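Structural overview
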Amino acid sequence: MAVTRRAPLPEKGKVMSVDIVEDPADTKQRKVRSGRKPAGTDVPPLKDPVCGMSVTFRSPNMALYEGTAVYFCSAGCKSKFLANPAKYSIVAGSVREPPALPMKTLVTGTIYTCPMHSQIRQVGPGACPICGMTLEPETPTLDTDENPELKEFRHRFFWTLPLTMIVAVLAMVGHRIPWPNAALESWIELALSLPVVLWAGKPFFERAVQSLIHRSPNMWTLIGLGTSAAFLYSLIATLVPGVFPGSFIVMGRVPVYFEAAAVIISLTLLGQLLELNARSQTSAAIKSLLRLAPKTARRINADETEVDVPLGDVHVGDTLRVRPGEKIPVDGLVLEGSGAVNESMLTGEPLPIMKRAGDKLIGASLNTSGALVMRAERVGSQTLLSSIVQMVTQAQRSKAPMQRMADHVAKYFVVTVVSAAMLTLFGWGFFGPSPSWAYGLINAVCVLIIACPCALGLATPMSIMVATGKAATQGVLFRDAASIENFRKVNTLIVDKTGTLTEGKPRFDRCIATAGHTEDEVLRWAASLDQGSEHPLAEAIVSAARERQLELEKATGFESIAGAGVRGSLGNRQINVGNTALMAQVGVSVDELQSQAEQLRAEGASVMYLSADGKLAGLLAVSDPIKANTVEALAALKAAGIRVIMASGDGLTTATSVAKKLGIDDVHGEVKPADKLALVDKLQHEGRIVAMAGDGINDAPALAKADVGVAMGTGTDVAMNSAQVTLVQGDLRGIAQARLISKETVANMRQNLGFAFLYNSLGVPLAAGVLYPFTGWLLSPMIAALAMSLSSVSVITNALRLRGKHG
């Protein structure tokens, strides 16, 4: 018979589990056939890296860390390792997974993770071994199946709620009923509360036991201790009341607290129902993104026939037809036709954009008018929609720096609360009024129940989850929680020109040749060399040459010089195309065309010189229009008190001309990648909090160095990978939007943390009875349970308020 055990899914740097099915019969059969021991049984013992005990390959407790299988003596040691793998040395206690182990079937499925401890990842639902919270899907899906735990808790809650209510009523008015025997009321309450505590509360006690086994005390430890203390005391008082001294007897019987145990269980179930429902809403933004993707695409076959195929069957290079009113199935390029495409669901751009042949299309956007024929260029996980979902999910699982303080407090939280409960018990027992120990017990239970470490742990993760999801629908993608927390501090913004302030789609303007050369000759040489470049300026030159039907040559020895230009050979001729810095580097004087170049730059054009065999042959001018929304974006940034600096690889005259039109006073021209990096470093040393916005490969070093790097989603993958924030539409207005999101999110996190600290600071002393000497007032365990259940819900509800902000 096949059995299932836990084992890690191999993913470098991550620790996660999947189900691996083993068939012991297979091992037995191989042993009989070969006459040898099954592989792995004669391997010398290993050492558990946590406790140092000897373990073997057969240990069911196992995790994979950076490609190495690590074995443990117990689930507790494994949990400690999972919580902080870097803390332990795995040299002595690790080994590569032996291939001969009788592992048969790898059963994969949805990965679930803990919202408070993102390092906990496993296949299928369950509870976190560290905090005991319900795990949730790492990436939300559109499955319609209800959360199984939510369904189970609802079932347990409603079936036992009538019993809890009867027990609670008996506890309040039972003393007025003329019972034939004073102990009869206790026996009735016992009978009614048994199914509530033992059946409805079973999941909570299981989690409490697991927290002790894993040596990771959490909320369930407190609930388990509090509920079991109240129930066991009441059980003993009912079964053997004689063990209690006479001072315990009130109205002919030892007081019992079955209603406290039952109500605590029911209210905790209710709190879990509310929390699970609220937590499911935090992923609403990602689910709305997932719903954007169409289910099918219309593929045009080689024989011109058309067929609707599932989206998963679309491959790169396929030709697809998109009719009016249909969604673009995948990322691609328009081949034929034209139409207005609404991309607002992904980019936040409110107006449809006209798309024509050669324009790029974003998968999941809507073709509002016109028929399009497109070529698929990115499918599956490579599409922009998939990238957005992946980036948002990654950001949601990251931890904000602000959470570190809460984590440090939570580390000692449960031990502190248990200590406070013990002090309450003995304080009341020795110094309280009669029946002092009964008072001590019930107040100690209140202390255990009212404390809620989950409110503290959820304070920032819930805000981050809601904010990143909402920001994604506005075309702003944060890489992690730290970038959200830091963006609000930015007071200086460095912007590249091409593709950031301008459209990034340069158009060829003109060509000027020196004596002995023609304009077509200079354009043909430049275009032949630029065929190997991906720079937008090069693309404009190549397109102009092809429009003039010039015959291009194949370049050899092509070399791209970041921030300067390109060089290579055309036949026996050495060609250089670039700025004045490149010309100076190769020893070519540009004085002959200097005045024409300056005039073109003053008009805002980018100028490139071309030299052939060490002599100046001409220049090429390319114009890049300013984005329509750039002026509005810069005005919003200045209004927010942000200093804007332009750093462009173009000539200083060109950069100054564009900056003057935009009202930018601080301009740096002809800067190389190293110069942008140095500028960021200089400003940081001046105490400025610097954001760098760019879209090209040459911007990547500065994006990585800046306090916050902002990549244009219309730019290169290298730039996006180097930045902490990506603006999907490449619209600078997104920077002001991202800063606003950052301010609102941090404010929300502070509110949550403040509430969590205040709640526990006031709740525990109140539960301990600190007001009793002054008011004679004590907190009921039922009120404590209700307050505990609502605390986490309050934090989540406050975080959900962010959904109504940011536009």
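Given the structure is predicted, the values throughout are model-derived calculations rather than measurements.

Before going further, it helps to examine the overall build of the chain. The secondary structure content of the chain amounts to 27 helices and 33 strands. Counting all 807 residues of the chain, 51% fall into the buried class. Considering only contacts within the chain whose residues lie at least 6 apart along the sequence, 65% involve residues at least 24 apart. Only carbon and sulfur atoms are counted for the fraction: they give 58% of the accessible area of the chain, which is about 35100 Å².

With that settled, the discussion passes to the side chain of R601. In this structure, R601 sits in helix α19 (residues 594–602). The class for R601 is buried, based on a relative accessible area of 4%. Apart from residues no more than four positions distant in its own chain, R601 is found in contact with T580, Q594, V607, Y609, G651, T653, T654 and S657.

Here we come to unusual backbone geometry. A positive phi angle, near 75°, is found at E304, a position not held by glycine. Along the chain, E304 turns up in the loop between β12 (296–300) and β13 (306–310). The exposure class of E304 is exposed, given its relative accessible area of 61%. The backbone of A364 shows a phi angle near 85°, a positive value even though the residue is not glycine. Position of A364 relative to the elements: it lies in the loop between β18 (360–361) and β19 (366–369).

Read across the open sheet, the six strands follow the order β13-β12-β14-β20-β15-β18; overall the sheet is antiparallel. The sheet terminates laterally at β13 and β18, the two strands that pair on one side only. The pairing of strand β15 (residues 331–337) with strand β20 (residues 372–378) spans six bridges and is antiparallel. Each bridged residue has a counterpart across the sheet, and for G337 the counterpart in β20 is L372.

Pairs can form between side chains of opposite charge whenever their charged atoms are close. Tallying each qualifying case throughout the model produces 19 salt bridges. A salt bridge links E149 to R207, with the nearest nitrogen and oxygen atoms 2.0 Å apart. Within this pair, whereas E149 is found in helix α3 (residues 148–173), its partner R207 is found in helix α5 (residues 202–213), the two being separated by 58 residues in sequence. Judged by its relative accessible area of 14%, E149 falls in the buried class.

Now for the sheet that holds strand β31 (residues 690–694). Strand order in the open sheet formed by seven strands is β21-β33-β32-β31-β22-β29-β30, and the pairing between neighbours is mixed. The open sheet has two free edges, formed respectively by β21 (476–478) and β30 (666–668), since each of these has just one partner strand. For this sheet, the mean angle separating the axes of adjacent strands, direction not counted, is 20°. Docked against the sheet, helix α21 (residues 652–662) engages β29 (643–647) and β30, running at close to 150° with respect to β30. The sheet contacts of helix α25 (residues 733–768) involve β21, β22 (492–495), β31, β32 (708–712) and β33 (725–727), and relative to β21 the element is tilted by about 50°.

A separate point is the packing of α25 against helix α27 (residues 781–800). α27 packs onto α25 with a crossing angle of 170° between their chain directions and a minimal axis gap of 9 Å. Relative to α27, α25 is oriented roughly antiparallel. Only A787, M788, S791, S794, V795, N798 and A799 of α27 make contact with α25, whose side of the interface consists of N748, Q751, N752, F755 and Y759.

Atomic detail in the predicted coordinates should be set aside for any region of low pLDDT. Of all residues in the chain, 82% have pLDDT values of 70 or greater, and the mean over the chain is 78. With pLDDT under 50 throughout, residues 91–108 is counted as low confidence; its partners more than four residues away or in other chains account for 53 contacts.

As a further point, take the environment of N760. Considering the arrangement of structural elements, one finds N760 in helix α25. Judged by its relative accessible area of 10%, N760 falls in the buried class. Not counting the four nearest positions on each side in its chain, N760 is found in contact with F413, I450, A451, C452 and P765.

With that out of the way, let us pick up the packing of aromatic side chains. Counted by the stated rule, this structure contains 11 aromatic pairs. Measuring from ring centre to ring centre gives 6.2 Å for F426 and F430, while their planes differ by 15°; the resulting arrangement is stacked. Taken together, the residues span about one helical turn, with F426 and F430 both in helix α11 (residues 403–431) at a distance of four residues. Considering the side-chain rings of W428 and Y439, the 5.6 Å spacing of their centres and the 45° angle between planes classify their relative orientation as tilted. Pair noted here: W428 is in helix α11 and Y439 is in helix α12 (residues 436–450), with a separation of 11 residues, a long-range link.

A few words now on the packing of helix α16 (residues 519–530) against helix α17 (residues 536–547). As a packed pair, α16 and α17 sit with axes 8 Å apart at the nearest point and diverge in direction by 125°. Classified by the angle between their axes, α16 and α17 sit oblique to one another. As for the relative orientation of α16 and α17, their crossing is left-handed in sense. Two secondary-structure elements touch here, α16 through L523, A526, A527 and D530 and α17 through A538, I541, V542, A544 and A545. Taken together, the residues of the contact of α16 with α17 break down into eight nonpolar, no polar and one charged.

The next subject is the environment of Q119. Take Q119: it is sitting in the loop between β9 (111–113) and β10 (121–123). The spatial distance from the C-alpha of Q119 to the C-alpha of P85 is 9.4 Å, given a sequence separation of 34 residues.

Right, let's talk about the pairing of strand β14 (residues 319–322) for a bit. Burial along β14 is one-sided: the residues L320 and V322 are buried and none of T319 and R321 is. Across three bridges, the pairing between β12 and β14 is antiparallel. By the bridge assignment, I300 is partnered in β14 with T319. Pairing between β14 and β20: four bridges, direction antiparallel. Bridged to V322 within β20 is L372.

The end-to-end C-alpha distance of α16, which contains 12 residues, comes to 16 Å, matching closely the 16 Å that a straight helix rising 1.5 Å per residue would cover. Residues of α16 that are buried: V522, L523, W525, A526, A527, S528, L529 and D530.

Below, the discussion takes up the side chain of T745. Mapped onto the elements of the fold, T745 is located in helix α25. Residue classification places T745 among the buried residues on the basis of a relative accessible area of 0%. Here I741 takes part through its backbone oxygen, which lies 2.7 Å from a polar atom of the side chain of T745.

On the surface, a nonpolar cluster with roughly 420 Å² of combined accessible area is contributed by L184, W187, I236, L239 and V240. Elements represented by at least two residues in the nonpolar patch include exactly α4 (184–200) and α6 (219–239). Looking at where W187 falls in the secondary structure, it is placed in helix α4.

Every other side chain in a regular strand lies on the same face of the sheet, so the side chains alternate between the two faces. Two strands pair when backbone bridges link them, and β15 and β18 are joined in this way by two bridges, in the antiparallel orientation. When the bridges of β18 are listed, L333 appears paired with K360.

What counts as what
- Residues numbered from 1 in each chain as written.
- Predicted model: local features only at pLDDT ≥ 70, side-chain atom pairs only at ≥ 80, totals over all residues.
- Heavy atoms only, no water.
- Helix = DSSP H or I, 4+ residues; strand = E, 2+ residues; numbered from the N terminus.
- Buried < 20%, exposed > 50% of the residue type's maximum accessible area, 1.4 Å probe, protein only.
- Contact = heavy atoms within 4.5 Å.
- Areas by Shrake-Rupley, 256 points an atom, 1.4 Å probe, with all protein chains shown as cover.
- Pairing = 2+ DSSP bridges.
- Salt bridge = Lys/Arg side-chain N within 4 Å of Asp/Glu carboxyl O.
- Axes fitted to C-alpha atoms, helices over the stretch in contact; angles between N-to-C directions.
- Parallel < 35°, antiparallel > 145°, perpendicular 65-115°, else oblique.
- pLDDT = per-residue confidence, 0-100.
- Phe/Tyr/Trp six-rings, centres within 6.5 Å; stacked < 30°, edge-to-face > 60°.
- Left-handed = near helix turned anticlockwise from the far one by under 90°.
- Nonpolar A, V, L, I, M, F, W, Y, C, P; charged D, E, K, R; others polar.
- Expected span 1.5 Å × (residues − 1).
- Polar contact = N/O pair within 3.5 Å; in protein donor to acceptor, adjacent residues only side chain to side chain.
- Patch = residues over 30% accessible without salt bridge, like charges linked within 9 Å, V, L, I, M, F, W, Y side chains within 5 Å.

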